[in-house]
Amino acid sequence: MLIKALCDYAEKQQASSSQNASVPEYYRPQKISYRIVLSPEGKLLDILPQQHLETYYDKKGKEKQKDVPDTIYLPMRNKTSIVQAYYLDHRPLYIFGLNYVKENGQEIWTPDDETNKARRSHKAFVEHELAFMDGLNSEICTAYRRFLETWDPEQETENPVLRQLGAAYSGSYFGFTLGIGKANLEEDPELIAKYQKICRQDDCRTDEPADTVCSILGERLSIARKHNPFDFPNQTGCRLVCMKHSAYESYCKEKSFNSGVSEKAMKLYTDQLNKLLQDRQHHVILEGMTVVFFAMCQNDEPQCDFFASMLGGSMDQQTEQSIQKLLTYAKGGYTGDPETIRRMEEMNNTTFYIVGLTNTKTRVSQKFIYRDRFGNLIQNLLKHQEDLRIREQDTHPIPFKWINKELVSPKSSNKDVPPPLESSIILAALQNTRYPDALLATVVRRVKTDQDDENDAKGGKYIKLNRVRAGIIKACLNRKNHKEEITMAWNEENRNPAYICGGLFAVYEKLQKDATKGTLNRTIKDAYFSSACSRPASVFPTLAKLSQNHLHKLDEERVRVSYGRRVGGLMNQLEGEFPQTLSLDDQGRFIIGYYQMNQKLYTRNEETKEDEN
């Protein structure tokens, strides 16, 4: 399904733009920071920056700019830690054979290191490229070959052109050119033709039939023996279709011939997915998973901006306004001009794809894929946001990144949410189905074990029971029981014992704070919350005794009467009997009861009304 969708999407994009037709076959995008300017004799004349200013928006929506390396297209390459040269290598260690070291304030350029990697890398690079450049006689190819033959790392440790880079040398990538407005090495027609011929010969298998019906396109085409790799933000060189062992083979077909994917389809889907992974508008990274999304139309910017915002991607003010207009239309409240309504209807009828991918050094794993009309997607996400709302005044959407943040401890060094849990949360929201039980269990555990005095990643005050966690518990319980059991405020009609116990605990805590003027370092919440949430009967008798002492410490009679009335009313609903143990669902109800009673107790208008009665 994914490969077919990517092929269809690629054909739509090719129909709308001829820009991609200029990219040579077997070439892949690569960011470079500098161009090495060569003389016709192969001498290093200059190193020119290849960077541009890119505008982005921080988490607060503020516009900023930064220098970003330019993107060019180079022959395919994999990311590896071993010494291995590639066609037109862009890595400084291979090209120059020099290490950059800064000791005692001095910059040292040397080919020596503990593993002799610089010398081995440069030697592999020169041997590989000289063999490849044999027979290529264009001006840029001749200059490149002469550079390979004459560059000696031992003699270039004081090269002034190279030393001007300083510390930027080690982390930069390079391309070759004869100068501004002149030939670039990777664009030479003779070089491209020879490289493509080598790649096609490598793909050719004489022991396989010339063509078979492609399982994706339905045409009789040559089947791909090897599928091109992908360039993920954290790893390059991994493949979606790759069968290396005989255990994965069937019907006497070896390796990737098992897939039945033709060369044409393989190039379409791999090129398109690589472009989506390079485009920030079409993917968002959620901890350990990359979520890629696209709509089956030539311009899917509005749809992608909307979904990226739901995932937690940054956006500018104009994009936010467009999304709000889209949401208003989805809710049935937009009455704009007919042309705008027509465009929105067309947008809503577009098929939208979302796929969650994880990757290792060699393999890509598809965790989930979602396909539906964009209009259905919006409606389901609106329902998801409504289920997460725990207070009437909360109107800002809760992105998936916020949900993920609440599933890990602030003390944990590993902030990644397990991909299976992450995938099931997203799918439940997209399909408007029940949330996974693991989500409720994880949030309940975090509320019981985290502490309010722990600092978050930015050094601020951390509150273990916030509106996001409370909203998650509310959404899980309501969808699991197929009814609105948990409302957005304290529900006097809710007679669930666990819910009432949570509210009673909140009253006891507020009573303690008022009686002690907030001077305690350790409250009943710190000492008893986790136990009360699991085994109320073992804790609440103790809390009841403590509350009597706290009542006597209150100065005003009317306040004592108000607290006595609250506690008495809740105890009457429990009929004087506390539950022995609480199930996972009931622990969630306890936490919601505690949260909502807290919201009620700290609302001054509510306190005033209760005192006047």
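Above this text you will find the structure in question.
What counts, and where the lines are drawn
Residues numbered from 1 in each chain as written. Predicted model: local features only at pLDDT ≥ 70, side-chain atom pairs only at ≥ 80, totals over all residues. Heavy atoms only, no water. Helix = DSSP H or I, 4+ residues; strand = E, 2+ residues; numbered from the N terminus. Buried < 20%, exposed > 50% of the residue type's maximum accessible area, 1.4 Å probe, protein only. Contact = heavy atoms within 4.5 Å. Areas by Shrake-Rupley, 256 points an atom, 1.4 Å probe, with all protein chains shown as cover. Pairing = 2+ DSSP bridges. Axes fitted to C-alpha atoms, helices over the stretch in contact; angles between N-to-C directions. Salt bridge = Lys/Arg side-chain N within 4 Å of Asp/Glu carboxyl O. Polar contact = N/O pair within 3.5 Å; in protein donor to acceptor, adjacent residues only side chain to side chain. Expected span 1.5 Å × (residues − 1).

**A closer look at the overall build of the protein**
- Helix and strand content of the protein: 21 helices and 16 strands.
- For the protein, the proportion of its 613 residues judged to be buried stands at 50%.
- Relative to all contacts within the protein whose residues are 6 or more apart in sequence, the contacts with residues 24 or more apart total 68%.
- When the accessible area of the protein is evaluated, it comes to approximately 30300 Å², of which 47% is carbon and sulfur surface.

**Regarding the sheet that holds strand β2 (residues 34-38)**
- Spatial strand order, β3-β2-β8: three strands in an open sheet with mixed pairing. Only two strands of the sheet have a single partner each, and these edge strands are β3 (44-49) and β8 (174-177). Averaged over all pairs of adjacent strands, the angle between strand axes in this sheet comes to 25°, irrespective of strand direction.
- Where β2 meets β8, four bridges bridge the pair, whose relative direction is parallel. By the bridge assignment, Ile 36 is partnered in β8 with Phe 176.

**Observations regarding the pattern of salt bridges**
- All told, the structure shown has 28 salt bridges when counted by the stated rule.
- One salt bridge connects Glu 509 with Lys 513, and the closest N-O pair in it is separated by 3.7 Å. With Glu 509 and Lys 513 both in helix α16 (residues 497-516) and four residues apart, this pair spans about one turn of that helix.
- For Lys 513, a relative accessible area of 32% corresponds to the partly exposed category.
- The structure contains a network of salt bridges with shared partners spanning Glu 406, Arg 446, Asp 450 and Arg 469.

**Focus on the pairing of strand β6 (residues 99-103)**
- Pairing geometry for β6 and strand β7 (residues 106-110), over five bridges, is antiparallel. Paired with Tyr 100 across the strands is Trp 109, a residue of β7.
- If you look at the hairpin formed by β6 and β7, you'll find two residues sitting between the two strands, and Asn 104 has a positive phi there, around 55°.

**Here we look at the side chain of Ser 409**
- Tracing the sequence through the fold places Ser 409 in the loop between α12 (400-405) and α13 (419-431).
- A polar contact is formed between the side chain of Ser 409 and the backbone nitrogen of Lys 411, at a distance of 3.1 Å.
- When residues no more than four places from it in sequence are discounted, the contact partners of Ser 409 are Lys 415, Arg 446 and Asp 450.

**Brief notes about the sheet that holds strand β15 (residues 351-359)**
- Pairing in this open sheet of four strands is antiparallel, and the strands run β13-β14-β15-β16 from one edge to the other. In this open sheet, the two edge strands, each paired with only one partner strand, are β13 (283-286) and β16 (364-373). Within the sheet, the average angular offset between the axes of one strand and its neighbour, ignoring direction, is 20°.
- Here β13 runs beside strand β14 (residues 289-295); their pairing, made up of four bridges, is antiparallel. The residue bridging Leu 286 from the neighbouring strand is Met 289, located in β14.
- The strands touched by helix α7 (residues 263-278) within the sheet are β13, β14 and β15, with β14 carrying the most contacts at an inclination of about 110°.
- Its contacts with the sheet place helix α8 (residues 301-311) against β13, β14 and β15, and it is angled at close to 155° to β14.

**Here we look at helix α17 (residues 524-534)**
- Buried within α17 we find Ile 524, Lys 525, Phe 529, Ala 532, Cys 533 and Ser 534.
- Contacts from the buried residues of α17 go to α14 (437-449), α16, α18 (536-553) and α20 (584-601).

**Considering helix α4 (residues 139-150)**
- Taking 1.5 Å per residue, 12 residues should reach 16 Å; α4 reaches 17 Å between its end C-alpha atoms and fits that length.
- Looking only at α4, the buried set comprises Ile 140, Cys 141, Thr 142, Ala 143, Tyr 144, Arg 145, Phe 147 and Leu 148.

**What to know about the environment of Met 133**
- The residue Met 133 is located in helix α3 (residues 117-133) in this model.
- Aside from chain neighbours lying at most four places away, what touches Met 133 is Cys 141, Tyr 144, Arg 145, Leu 191 and Lys 194.

**A short note on unusual backbone geometry**
- Non-glycine residue Leu 88 carries a positive phi angle of around 50°.
- Inspection of the secondary structure assignment puts Leu 88 in the loop between β5 (63-75) and α2 (92-96).

**Notes on the environment of Ala 470**
- Of note, Ala 470 is situated in helix α15 (residues 467-481).
- What makes Ala 470 buried here is its relative accessible area of 0%.
- Not counting residues up to four positions away in its chain, the partners in contact with Ala 470 are Ile 390, Leu 465, Ile 592 and Tyr 595.

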